[in-house]
Amino acid sequence: MIKYLGSKRTLVGVLGAIAQAAEAKTAVDLFTGTTRVAQEFKRQGLAVIASDSATYSDILAKCYLEADAEKVDLVSLSQKIAYLNALPGRSGYVTKNFCEQARFFQPKNGQRIDAIREELEANFKTDIDYPILLTALMLAADHVDSTTGQHMAYLKNWSHRSGNDLELLVPDLITGTGKSVLGLAEDVVADLPEVDLLYMDPPYNQHRYFTNYHIWETLVRWDNPEPYGIAMKRIDSREAHTHSVFNKRKKMPPAFKDVITKAKAKTVVVSYNNESWVEPIDIAEALLKNHESVALLEFDYKRYIGSQIGIYNKSGAKVGSVGERKNKELIFIAGETSRVESIEDLVAGRGIEPRT
Ligand SMILES: C[S@@+](CC[C@H](N)C(=O)[O-])C[C@H]1O[C@@H](n2cnc3c(N)ncnc32)[C@H](O)[C@@H]1O
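Residues numbered from 1 in each chain as written. Predicted model: local features only at pLDDT ≥ 70, side-chain atom pairs only at ≥ 80, totals over all residues. Heavy atoms only, no water.

Trainee: Explain the overall build of the protein here, please?
Mentor: Helix and strand counts for the protein come out as 13 helices and ten strands. Expected size for 356 residues packed as a compact globule is a radius of gyration near 21 Å; at 21 Å, the protein falls within 12% of this value. When the backbone C-alpha atoms are referred to their principal axes, the protein occupies close to 65 × 45 × 35 Å. Across the 356 residues in the protein, those meeting the buried criterion constitute 57%. For the protein, long-range pairs separated by at least 24 residues make up 76% of all intrachain contacts whose partners lie at least 6 apart in sequence. Of the roughly 15400 Å² of accessible surface on the protein, a fraction of 48% belongs to carbon and sulfur atoms. For the protein, the distance from the average site of its 44 positive side-chain charges to the average site of its 47 negative ones is 4 Å. (Helix = DSSP H or I, 4+ residues; strand = E, 2+ residues; numbered from the N terminus. Rg over C-alpha atoms; globule rule 2.2 N^0.38 Å. Buried < 20%, exposed > 50% of the residue type's maximum accessible area, 1.4 Å probe, protein only. Contact = heavy atoms within 4.5 Å. Areas by Shrake-Rupley, 256 points an atom, 1.4 Å probe, with all protein chains shown as cover. Lys, Arg positive; Asp, Glu negative; His and termini not counted. Charge placed at Lys NZ, Arg CZ, Asp CG, Glu CD.)

Structure follows, in structure tokens:
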């Protein structure tokens, strides 16, 4: 999986267990990012829709969710990957901008990324495995980058891993069904079908994914954008349509509440960050518009450590300040009282541990 700010790596096991406790058969992962939560739902047997505004996320979702491992021809896929791995390097956009002007990859790997990406563009665009091959390239590039996990800066000295040779591998495909919906959550949420479980994990501060992962945007779009600045970002980063309302202090709270109230699901799970511009009481109140009960559960990096607000019914909802909590993950669960209670009992009683 690619390195990603705000990725729910450690919470994936908990979220999978919540899907089981909710007896969900269908799910939506809104703001899916790396798609790792949606992948876990699919592994649990749910039919999953994953949605995000990032084009690289759409490709990841087409690879991990839309492709059914049982239907993919693994022999043919492995042959295509071996063919791409054997292509000689050739300087292009990546080498020039991300290896020579900036230093995100060593030139030997940048040249191979260029050669493979050009080949995918020229001869694999309509191939059934195109999203899987592009995902394999993104993962391989991520493994030899020279960053701390985002693309706004690169390391002063080459990272150790950047000296390794780029190698595409067959991604860990998952059996089952899924779908990717590329778009803004505020635009797509009302049109998504009603599901058993909807999970949402929006950005909670000013840090933009469009700029933080501009190399993946460009690698996927392959649109030769004019680069600018030390990080060689895309020039369209300056355009309004690439800015998310979720990165704007004033616009984020009403947009978020609007998405919450438009979400159609029996159980809604919301990741909460204590650096958020939205107060927990506002999220709880938005959730209570369509649901009987809401609970806010707290996890440290290892385990469930308690309920912050307990379970309240509509008339009794009262939420205090979440306050400063370093290295804590918080999630709201909303739904019918009995369902919310059984989910809370499960995570509390069974000591489900997030992955380390
Ligand atoms: C906290 S990350 C999600 C991380 C994800 N749960 C994971 O584990 O990888 C937030 C995501 O929201 C996406 N995003 C930002 N603004 C958006 C918007 N208005 N609509 C849809 N997605 C948006 C970003 O591209 C980013 O992938």
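Trainee: Is there a simple way to explain the packing of aromatic side chains in this structure?
Mentor: Describing an aromatic ring pair means giving the distance of the ring centres and the angle of the ring planes. All told, the structure shown has 14 aromatic pairs when counted by the stated rule. With centroids separated by 6.1 Å and ring planes inclined at 75 degrees, the aromatic side chains of Tyr 4 and Tyr 56 adopt a geometry described as edge-to-face. You can see Tyr 4 sitting in the segment before α1 (12-21) and its partner Tyr 56 sitting in helix α3 (residues 55-66), a full 52 residues away along the chain. We classify Tyr 56 as buried; its relative accessible area is 0%. Taking the centre distance of 5.7 Å and the plane angle of 85 degrees together, the rings of Tyr 272 and Phe 332 count as edge-to-face. Taken together, the positions of Tyr 272 in strand β7 (residues 265-272) and Phe 332 in strand β10 (residues 329-335) put the pair 60 residues apart, joining distant regions of the chain. Taken individually, Tyr 272 and Phe 332 each receive the classification buried, so the pair is uniform in this respect. Put simply, the rings of Phe 31, Tyr 204, Phe 246, Phe 256, Tyr 272 and Phe 332 touch in pairs and so form one group of aromatic residues. (Phe/Tyr/Trp six-rings, centres within 6.5 Å; stacked < 30°, edge-to-face > 60°.)

Trainee: Would you explain the pairing of strand β1 (residues 26-30) in this entry?
Mentor: Consecutive side chains of a regular strand alternate in pointing toward one face of the sheet and then the other. Burial within β1 is extensive, with four of its five residues counted as buried. Where β1 and strand β2 (residues 47-52) come together, five bridges link them in parallel fashion. Pairing of Thr 26 across the sheet is with Ala 47, part of β2. Relative to strand β4 (residues 195-200), β1 runs parallel, the two being bridged by four bridges. Residue pairing for β4: Ala 27 is matched across the bridge by Leu 197. (Pairing = 2+ DSSP bridges.)

Trainee: Just to check I follow, could you spell out the nonpolar core for this structure?
Mentor: In globular proteins that are soluble, nonpolar side chains generally tend to be buried together. Of all hydrophobic cores here, the largest spans 78 residues; its most connected members are Phe 41, Phe 105 and Trp 216. If you tally residues by element for this core, the top one is helix α7 (residues 130-143), at ten residues. Counting residues in hydrophobic clusters, the runner-up holds 36 residues, among them Val 188, Val 268, Val 270 and Ile 283. (Core = buried A, V, L, I, M, F, W, Y, C linked by side-chain atoms within 4.5 Å.)

Trainee: Quick question: what am I supposed to make of the site of the ligand here?
Mentor: The environment of the ligand is made up of 22 residues, and the closest members are Tyr 4, Thr 34, Asp 52, Asp 201 and Ser 244. Ser 53 is positioned with one of its side-chain polar atoms (N or O) 3.3 Å from a nitrogen atom of the ligand. At a separation of 2.7 Å, a nitrogen atom of the ligand approaches a polar side-chain atom of Ser 244. Burial of the ligand by the surrounding chains reaches 98%, relative to a free accessible area of 610 Å². Residues that form the shell around the ligand fall into these classes: nine nonpolar, eight polar and five charged. (Near = heavy atom within 4 Å. Polar contact = N/O pair within 3.5 Å; in protein donor to acceptor, adjacent residues only side chain to side chain. Nonpolar A, V, L, I, M, F, W, Y, C, P; charged D, E, K, R; others polar.)

Trainee: Please explain helix α11 (residues 252-262) as it appears in this structure.
Mentor: The α-helix advances 3.6 residues per turn, and as a result positions three or four apart in sequence lie on the same side. Those residues of α11 not exposed but buried are Met 252, Pro 253, Ala 255, Phe 256, Val 259 and Ile 260. Looking down the long axis of α11, one finds its buried residues gathered within 165 degrees of arc, a one-sided arrangement. (Arc of directions from axis to C-beta.)

Trainee: I keep staring at the pattern of salt bridges and nothing clicks. Help me out?
Mentor: Pairing is possible between side chains of opposite charge, provided their charged atoms come close. Under the defined criterion, the tally for this structure stands at 18 salt bridges. The salt bridge involving Asp 129 is made with Lys 80; its shortest N-O contact spans 2.7 Å. Of this pair, Asp 129 sits in the loop between α6 (107-123) and α7 while Lys 80 sits in helix α4 (residues 74-85), placing them 49 residues apart in sequence. Lys 80 carries the same exposure label as Asp 129, and that label is buried. The salt bridge involving Lys 125 is made with Glu 121; its shortest N-O contact spans 3.2 Å. Each member of the salt-bridge network shares a partner with another, and the members are Glu 217, Arg 221, Asp 223, Arg 234 and Asp 236. (Salt bridge = Lys/Arg side-chain N within 4 Å of Asp/Glu carboxyl O.)

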